[in-house]
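So the chains spell out like this:
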Amino acid sequence: MNRQQLLDLYYLEARSKLIDLAAFLDRLDRAKGESDFRLNAFNQALEQLRADSTPRVERVLAVLSDPTTEPIPAATTKAACGAWPGK
Amino acid sequence: MRYIEPHAHMVSRVTDDYQEMVVAGCAAVCEPAFWAGFDRSSADGFYDYFCQLTEHEPKRAAKFGLPHFCWLCINPKESEDVKLASDVIALIPKFLERPNVLGIGEIGLNKNSRNEMKVLEMHVDLAARHNQLILVHTPHLEDKLKGTRLILDVLRADSRIKPERCLIDHVEEHTVKMVLDGGFWGGMTLYPETKCTAARAVDMIELYSGERLWMNSACDWGVSVPLAIPYAALELRRRGHSAEAIDRLIYQNPKRFLSQCPKFKLPDAPL
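Everything quoted here is computed from the prediction, not taken from an experiment.

A. Examining helix H2 (residues 37-49) of chain A more closely. Residue and element names in this part refer to chain A. With 13 residues, H2 should reach 18 Å at 1.5 Å per residue; the first-to-last C-alpha distance of 19 Å fits that figure. All buried positions along H2 are accounted for by Ala41, Ala45 and Gln48. Seen from one end, H2 has its buried residues packed into an arc of 40°, which puts them on one side. Packing partners of the buried residues in H2 comprise helix H3 (56-63).

B. Geometry of unusual backbone geometry. Residue Pro55(A) follows Thr54(A) across a cis peptide bond; omega there is 5°. Residue Glu106(B) is reached from Gly105(B) by a cis peptide bond, and omega for that bond is -10°. One non-glycine residue, Asn112(B), adopts positive backbone phi at about 65°. Along the chain, the position of Asn112(B) falls in the loop between strand E4 (101-108) and helix H4 (114-129).

C. Fine view of the pairing of strand E8 (residues 213-216) of chain B. All names here are of chain B. Side-chain alternation along E8 places Leu213 and Met215 on one buried face and Trp214 and Asn216 on a second face that is also buried. Pairing of strand E7 (residues 185-189) with E8, which is carried by four bridges, proceeds in the parallel orientation. Along E8, the bridge assignment pairs Met188 with Met215.

D. Focus on the environment of Gly182(B). Examined against the element boundaries, Gly182(B) turns out to sit in the loop between helix H6 (176-181) and E7. Measuring from C-alpha to C-alpha, the distance between Gly182(B) and His68(B) comes to 30 Å, with 114 residues separating the pair along the chain.

E. Expanded view of the sheet that holds E4(B). Residues and elements named next belong to chain B. In space, the eight strands of this open sheet follow the order E1-E2-E3-E4-E5-E6-E7-E8, with parallel pairing throughout. Each end of this open sheet is capped by a strand with a single partner; those strands are strand E1 (3-5) and E8. Direction aside, the axes of adjacent strands within the sheet are offset by 25° on average. The sheet contact formed by strand E2 (residues 26-32) and strand E3 (residues 68-72) spans four bridges and is parallel. Residue Pro32 lies in a different strand from E3, and its bridge partner there is Trp71. The strands touched by helix H1 (residues 15-23) within the sheet are E1, E2 and E3, with E2 carrying the most contacts at an inclination of about 135°. Along the sheet, helix H9 (residues 243-258) contacts E1, E2, E3, E4, strand E5 (133-137), strand E6 (166-169), E7 and E8; its crossing angle with E1, the most-contacted strand, is approximately 55°.

Rules of the game
- Residues numbered from 1 in each chain as written.
- Chains lettered and ligands numbered in written order.
- Predicted model: local features only at pLDDT ≥ 70, side-chain atom pairs only at ≥ 80, totals over all residues.
- Heavy atoms only, no water.
- Helix = DSSP H or I, 4+ residues; strand = E, 2+ residues; numbered from the N terminus.
- Expected span 1.5 Å × (residues − 1).
- Buried < 20%, exposed > 50% of the residue type's maximum accessible area, 1.4 Å probe, protein only.
- Arc of directions from axis to C-beta.
- Contact = heavy atoms within 4.5 Å.
- Pairing = 2+ DSSP bridges.
- Axes fitted to C-alpha atoms, helices over the stretch in contact; angles between N-to-C directions.

Structure below.
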């Protein structure tokens, strides 16, 4: 598909997601209290969106990933939270 | 349209889901062993679960003319307890001859811990000793990149394992290339929030040719869509893929991988 066709297919959906992101960040700004490592990672990932070259998606996923290489001593939880706490 | 659902946790789904899948063109469903949402207290709980996967669930699917296959293991989410995992793995060989068992899965890692690695190696050894196909779960979210690398290292370290007989599931853009470059198959899981949307799955298919890729819904007891594959087929159509190309991705590809197990036999499904 060419760029015009892809814009026809996905622009409104992407626009909606972009506005949702803006609203999410405004909501956080209005709220009281401390944020945590997830917002830091989120902001770093947002910077990747402004890059001029692909693959942005791989770089965003990398920013949100554990960069270490060794197994952890023990699993203390089953859940993932979507960003690396940096321990 | 016909398709194979290669990864669905049907024990967690209502019977209506079977009906809707068949109406949408599902020709077979494959169910990897999974975490129940709570930790089972003993190996006896797994014995019952394996009976459910090999006896009860095929009957439930058969009411709609749908062939049901399964994979057996202790899921990585319950692999921190190595003693329990050893007891469960010892149960598996007696189930491997059952007619709907395709192999060992979904094994892998969850939080990338040392004990999870030990249990993964035990499963890989079990699969190698019994010449079984392997279905691998890769970790969620921030743990996926590291976990996928560790898993591939374990598989490559065992010379008995053939990459073309291993499916590495839940790949995303940052892991798909290493999986395919290693000669493995890759699975893309279509979830509403985590893992992969249909549009992103189609991106990966277009970037990597789709020769060794399949898609699945991985529907379970969480937020998930049992008809995710038919919806992804619609996305492929919107992106200009032909009916033949769509059939290759959602029916012929999973059939080609799964047919490496001689028990995976399907009646001819209409196009």
